[in-house]
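Residue-level structure breakdown
Letter by letter, the chains look like this.
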Amino acid sequence: MLAAFAEFLGDDDDELVNQIRAELTARRPLTPRWLAQLGQTRIHRGVRGSHVLDPNDLLLLQFRVPTVGEFTCAVDLDLHIGDFIRRVEFFRGPLETVLNIIDEPATDMRCDEVDLADIRARLKAAIEFEVLFSPRQASGWPEYGALVEWLIRDLPAGGSALPRSEWSTQDAAALIARFSASVGGAAFGRRQAELLESLVEFGMEDGAGDPLRWNERRAERWLFDHLLEDTDYCFLDRVEAAPYLLRAFIRFAHDEVGIRSDLTDEVLEMVDAWDDKYFNKLRHKLADDDDADWFGRAV
């Protein structure tokens, strides 16, 4: 316990660490042998796994415990509201053990090697977000949080957080033009122009910032949180077309980037299922306004 305690204290209390090490030196040699070499544990490989529909990033860290063998730490990050930690898990064995589970065509995961300095920058930012802004506890964080912080302690500095997709104003305008010229987009005219701009802008700001990849959670956030909670009343007389526009845009966008049709169909089925809920909420929202004529026009 003292040996592990000294490792996890690190540079936080040099005097106490020195006292512990002196005490351990005065005793018989530590057993098991790996405990005496615990400080030599190092992460030597990092992989980023992400789903094609962009709900989260999975960071996989392979590390070796001296005389024991290889282990893999999996940190699941949610991208919708900053980088906060959803789940932490540990696996006995090399990183390939986990990749064999997730890196299959049926799971639609994309896996890429990541520089260890970038891993450190990404996880330090996520840990700060977790501590400062997240009242709920991520799965596995109470048990493994200190271990994750200890593991990344010696990773090289100077890295940067993994970049978001960078979409310029020109890129957004080109996407809107392509959609409007498509078969599915031709049904939406000037009346829905601001609504379409809102959809694309939300896609650029939410999650990893790719407006071409839509999962159920992202679609739900745009419909209910953004349109019905964050949007000004002056915009509400055009949002009755939102579910129809959303369905058409998702199908168009997923076709552009080659998302499997059955994945797209699953998202569209959920949007279909929200119709009654959406229009009920919209009616209640509009009913709060005093302009009865506006209510009649909008719904």
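Keep in mind that this is a model prediction, so the values were computed, not measured.

Some remarks on the overall build of the protein
If you tally the helices and strands in the protein, you get 13 helices and five strands. The buried share of the protein, reckoned over its 299 residues, is 47%. Long-range pairs, those at least 24 residues apart, make up 64% of the contacts in the protein with a sequence separation of at least 6. For the protein, the exposed area adds up to about 15,700 Å²; of that, 51% sits on carbon and sulfur atoms.

Here's the deal with the pattern of salt bridges
Counting across every chain of the model gives 23 salt bridges. The salt bridge involving D154 is made with R42; its shortest N-O contact spans 3.4 Å. Of this pair, D154 sits in the loop between helix 6 (141-151) and helix 7 (169-181) while R42 sits in strand 1 (residues 42-51), and the two are 112 residues apart along the sequence. On the accessibility criterion, R42 (37% relative accessible area) is partly exposed. Here D57 makes a salt bridge to R122, at a shortest N to O gap of 3.0 Å. Linking D57 in strand 2 (residues 56-65) with R122 in helix 5 (residues 116-133), this pair joins segments that are 65 residues apart in sequence. Each of D76, D78, R86, R87, E89 and R217 takes part in a single network of salt bridges with overlapping partners.

Focus on the packing of helix 9 (residues 216-230) against helix 10 (residues 242-257)
Between helix 9 and helix 10, the shortest axis-to-axis distance is 11 Å and the interhelical angle comes to 150 degrees. Of the possible angle classes, the one that applies to helix 9 and helix 10 is roughly antiparallel. Here the hand of the crossing between helix 9 and helix 10 comes out right-handed. Across the interface between the two elements, A219, W222, L223 and L227 of helix 9 pack against A242, P243, L246 and I250 of helix 10.

Observations concerning a negative patch on the surface
There is a patch of like negative charges on the surface, built from E216, E220, D225, E229, D230, E266 and E269. Taken together, the elements giving at least two residues each to the negative patch come down to helix 9 and helix 11 (261-273). Looking at the negative patch element by element, the count peaks at five residues for helix 9. Of note, D230 is situated in helix 9. Looking at D230, the relative accessible area reads 56%, which means it is exposed.

A word on helix 1 (residues 2-9)
Along helix 1, the residues classified as buried are A3, A6, E7 and L9. Angular distribution of buried residues about the axis of helix 1 spans 165 degrees; they occupy a single face of the element.

Let's talk about the sheet that holds strand 1
Strand order in the open sheet formed by five strands is 4-3-2-1-5, and the pairing between neighbours is antiparallel. The open sheet has two free edges, formed respectively by strand 4 (84-92) and strand 5 (109-113), since each of these has just one partner strand. Shown here is a sheet whose adjacent strand axes are inclined to one another by a mean of 20 degrees, direction ignored. Judged from the ten bridges that link them, strand 2 and strand 3 (residues 69-78) form a sheet pairing that is antiparallel.

Structural notes on the nonpolar core
Within the largest apolar cluster, 41 residues are counted, with the highest numbers of intra-cluster contacts made by W214, W222, L223, L246, F249 and Y278. For this core, the secondary structure elements donating two or more residues are helix 7, helix 8 (193-205), helix 9, helix 10, helix 11 and helix 12 (275-287). Ranked by the residues each element gives to this core, the list is headed by helix 10, at eight residues. Aside from chain neighbours lying at most four places away, what touches F249 is L175, F179, L196, L199, V200, P211 and W214. In this structure, V17, I43, F71 and L151 belong to the second largest nonpolar core, which totals 32 residues.

Some remarks on unusual backbone geometry
A positive phi angle, close to 70 degrees, is found at T67, a residue other than glycine. Considering the arrangement of structural elements, one finds T67 in the loop between strand 2 and strand 3.

Some details on the environment of F252
Checked against the element boundaries, F252 lands in helix 10. Overall, the relative accessible area of 14% leaves F252 in the buried class. Along the primary structure F252 and F179 are separated by 73 residues, whereas in three dimensions their C-alpha atoms are 6.9 Å apart. Apart from the residues within four sequence positions on either side, F252 is in contact with L175, R178, F179 and S182.

Regarding the environment of E7
For E7, the location among the structural elements is in helix 1. In this structure E7 comes out as buried when scored by relative accessible area, which is 15%. As for E7 and L38, which are separated by 31 residues in sequence, their C-alpha atoms are 7.7 Å apart. Apart from the residues within four sequence positions on either side, E7 is in contact with R21, L38, G39, W150 and R153.

Rules and cut-offs
Residues numbered from 1 in each chain as written. Predicted model: local features only at pLDDT ≥ 70, side-chain atom pairs only at ≥ 80, totals over all residues. Heavy atoms only, no water. Helix = DSSP H or I, 4+ residues; strand = E, 2+ residues; numbered from the N terminus. Buried < 20%, exposed > 50% of the residue type's maximum accessible area, 1.4 Å probe, protein only. Contact = heavy atoms within 4.5 Å. Areas by Shrake-Rupley, 256 points an atom, 1.4 Å probe, with all protein chains shown as cover. Salt bridge = Lys/Arg side-chain N within 4 Å of Asp/Glu carboxyl O. Axes fitted to C-alpha atoms, helices over the stretch in contact; angles between N-to-C directions. Parallel < 35°, antiparallel > 145°, perpendicular 65-115°, else oblique. Left-handed = near helix turned anticlockwise from the far one by under 90°. Patch = residues over 30% accessible without salt bridge, like charges linked within 9 Å, V, L, I, M, F, W, Y side chains within 5 Å. Lys, Arg positive; Asp, Glu negative; His and termini not counted. Charge placed at Lys NZ, Arg CZ, Asp CG, Glu CD. Arc of directions from axis to C-beta. Pairing = 2+ DSSP bridges. Core = buried A, V, L, I, M, F, W, Y, C linked by side-chain atoms within 4.5 Å.

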